[in-house]
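The chain contents come next:
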Amino acid sequence: MLLKTNNLKFTINLKYILPICISVLAVNVMSAQEIIEDEKEVASKVIDTTNKQKAVKVDGVAAVVGDFIVLDSDVEKERLQLEAGGYSTKDITDCELFGKLLENKLYAHHAIQDSIVVSDAEIRRQVDYQIEQFLQQVNGNMDRLLAFYKKEDEKSFREEMFAINKSNQLAQRMQASIVEEVEITPEEVRSFFNDIPKDERPTFGTELKVAQIVAEPKVSKEEEQRVIDRLKQFKADIIENGASFRSKAVLYSEDPGSASRGGKYTLNKKKPQMVKEFREVAFALQEGEISEPFKTDFGYHIITLEKIRGQEYDVAHILLTPKVASEAVVEAKERLEKVRERIVSGDITFADAAREASDEKETRNDGGQLINPTTQDYNFELTRMDPELYSQIQNLKDGEVSLVLSEQDRTGNTKFKILMVTDRVDEHTADYAKDFLKIKELALDEKKIRAVEKWQKEKIMDTYIKISGERKDCEFSSNWLKK
């Protein structure tokens with residue numbers, strides 16, 4: 001039911017908000033939550049050694065959930081982290097935040113029980129990335145960073161960040177595993193919609209369908225061959241003369257994300273990270289082998305495979321991007337101007353022109369229709385549209401063709417495009433036939449919520465949980481007190 005969904009809005013929002021805030025660590029507060037590792041150590045802090053199930057109140061411990069503890073101070077820290085992330089907390093009570101902390105610890109505890117694996121190497125890379133981001137904010141001064149977070153040394157800072165990230169990843173993967181097999185039938189969607197009172201049905205905002213035709217300046221075959229030959233020279237110098245692959249990547253690679261690291265990336269066979277062509281070459285190499293030059297949408301690469309560690313592959317690459325001649329840029333713009341003139345004069349439709357002349361293979365066969373990356377359909381809700389796209393179409397009337405616009409692609413080269421709003425659906429109350437996909441998404445979300453509720457209800461009863469002090473007076477939505 002929709003009312004049920006609305007009642008759970010706070011819980012749903014926190015599922016997405018809290019992981020973001022924890023990972024960003026944007027304020028001068030570090031979570032003191034920890035995994036209980038040593039039973040003897042725990043006994044002196046939380047649990048009576050004569051009876052593990054009998055809790056001893058220790059100042060500062062608000063709750064024990066399985067193998068995890070929640071401290072009194074964690075509630076205020078969560079509030080500060082939310083506010084640092086730009087979220088208003090004036091309508092969020094301490095009890096609600098505390099309940100969410102209990103929920104996260106329940107997830108993390110059972111993730112361990114269910115043998116959900118979180119790679120320590122992956123967590124360390126997250127920590128490395130976070131620290132790099134933090135250091136940029138303090139001009140690279142580690143002492144200032146440690147002072148800001150009130151940590152004595154870098155080692156303890158990294159250890160605490162590692163614990164936070166790992167707990168957070170465990171909780172997220174446990175949540176995902178609970179709902180990963182939840183599916184919904186068309187009949188369930190219909191029942192969900194029919195059960196919503198007519199005066200409570202959701203309102204969907206104005207939506208547009210947008211199409212575009214793209215003209216990309218062509219790279220000459222001579223320029224492409226120049227880049228290929230240069231990469232072959234790099235490979236020969238490394239193999240025949242013992243030159244350093246990493247050094248060449250630092251000096252010559254045009255990948256801003258990896259050049260400073262000697263072109264290094266770690267790929268995981270189970271988690272696609274790079275484009276398909278890159279992964280296929282990398283996973284086909286033997287340790288120490290260097291690939292031949294190959295092409296992706298970013299340019300031409302050579303890869304060396306440094307080490308295989310189970311499903312993880314440590315690779316390094318050098319990227320060179322062929323340069324577009326100024327004459328090619330002029331030609332592409334003029335070509336698109338002529339296409340626009342044909343459309344405006346009525347000589348050809350926008351859709352047929354896209355199929356005939358667009359250089360964008362992803363949209364060309366669909367008559368230039370853009371796909372919304374969030375919903376995977378052709379509809380863009382006006383209030384949620386990408387700001388750049390909105391700025392390009394906001395003054396267009398339906399069926400009007402934009403002027404030729406220029407922008408840079410992901411490799412930094414200039415390309416040109418024209419746009420048209422091909423359809424518009426004004427703001428309206430939900431209609432089952434017209435809005436089936438959106439209604440299906442709402443129905444599926446509710447079914448997932450029910451699955452999570454059922455899981456929580458069962459696991460709370462199966463898990464050692466102790467709530468201390470004034471926190472017992474909270475009115476929880478879940479049965480944390482096991483009444």
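Residues numbered from 1 in each chain as written. Predicted model: local features only at pLDDT ≥ 70, side-chain atom pairs only at ≥ 80, totals over all residues. Heavy atoms only, no water.

For the chain, the name recorded in an unreviewed UniProt entry is Peptidylprolyl isomerase, with Neotamlana sargassicola as its organism.

Quick look at unusual backbone geometry
What is expected of a backbone is that most residues other than glycine have negative phi and most peptide bonds are trans. Positive phi, close to 60°, is recorded for Ser115, a residue that is not glycine. Relative to the helices and strands, Ser115 is located in the loop between α5 (94-113) and α6 (120-137). (Helix = DSSP H or I, 4+ residues; strand = E, 2+ residues; numbered from the N terminus.)

What to know about the sheet that holds strand β1 (residues 61-65)
Reading across the sheet, the 3 strands line up as β2-β1-β13 and stay open at both edges, with antiparallel pairing between neighbours. The sheet is open, and its two borders are formed by β2 (68-71) and β13 (465-467), each paired with just one other strand. When strand polarity is set aside, the average angle formed by the axes of neighbouring strands in this sheet is 20°. In the sheet, β1 pairs with β2 via 4 bridges, with the strands oriented antiparallel. (Pairing = 2+ DSSP bridges. Axes fitted to C-alpha atoms, helices over the stretch in contact; angles between N-to-C directions.)

Points about the state of the cysteines
For the coordinates displayed, the defined rule picks out 1 disulfide. In this model Cys95 forms its disulfide with Cys474; the gap between the sulfur atoms is 1.9 Å. The sign of the S-S torsion, about -75°, decides the handedness of the disulfide formed by Cys95 and Cys474: left-handed. Pair noted here: Cys95 is in helix α5 and Cys474 is in the segment after β13, with a separation of 379 residues, a long-range link. A relative accessible area of 8% means that Cys474 is categorised as buried. (Disulfide = S-S within 2.5 Å. Buried < 20%, exposed > 50% of the residue type's maximum accessible area, 1.4 Å probe, protein only.)

A closer look at the environment of Met420
Structurally, Met420 can be placed in strand β11 (residues 414-425). When its relative accessible area of 11% is taken as the criterion, Met420 is described as buried. For the pair formed by Met420 and Gln369, sequence separation is 51 residues and the distance between their alpha carbons is 9.2 Å. Excluding residues within four positions of it along the chain, Met420 makes contact with Lys209, Val210, Ala211, Phe350, Leu396, Gly399, Glu400 and Val401. (Contact = heavy atoms within 4.5 Å.)

Section: the sheet that holds strand β7 (residues 299-309)
Strand order in the open sheet formed by 4 strands is β5-β8-β7-β6, and the pairing between neighbours is antiparallel. Every interior strand has two partners, whereas the edge strands, β5 (264-268) and β6 (294-296), have only one. Neighbour-to-neighbour, the strand axes of this sheet turn through a mean angle of 50°, independent of strand direction. Where β6 meets β7, 3 bridges bridge the pair, whose relative direction is antiparallel. Within β7, the position partnered with Thr296 by the bridge is Gly299. Strands in contact with helix α10 (residues 221-241) are β6, β7 and β8 (312-320); relative to β7, the strand with the most contacts, it is inclined by about 30°. Sitting on the sheet, helix α12 (residues 276-284) touches β5, β6, β7 and β8, and the angle it makes with β6 is about 145°.

Description of the packing of helix α13 (residues 326-344) against helix α14 (residues 350-357)
Helix packing geometry: the angle between the two helix axes and the distance between the axes. Where α13 meets α14, the closest approach of the two axes is 10 Å, and the angle between their N-to-C directions is 150°. Considering their axes alone, α13 and α14 lie roughly antiparallel with respect to each other. In the crossing of α13 with α14, the sense of the turn from one axis to the other is right-handed. In contact with Arg335, Val339, Arg342 and Ile343 of α13, α14 contributes Phe350, Ala353, Glu356 and Ala357. Partitioning the contact of α13 with α14 into residue classes produces 5 nonpolar, no polar and 3 charged. (Parallel < 35°, antiparallel > 145°, perpendicular 65-115°, else oblique. Left-handed = near helix turned anticlockwise from the far one by under 90°. Nonpolar A, V, L, I, M, F, W, Y, C, P; charged D, E, K, R; others polar.)

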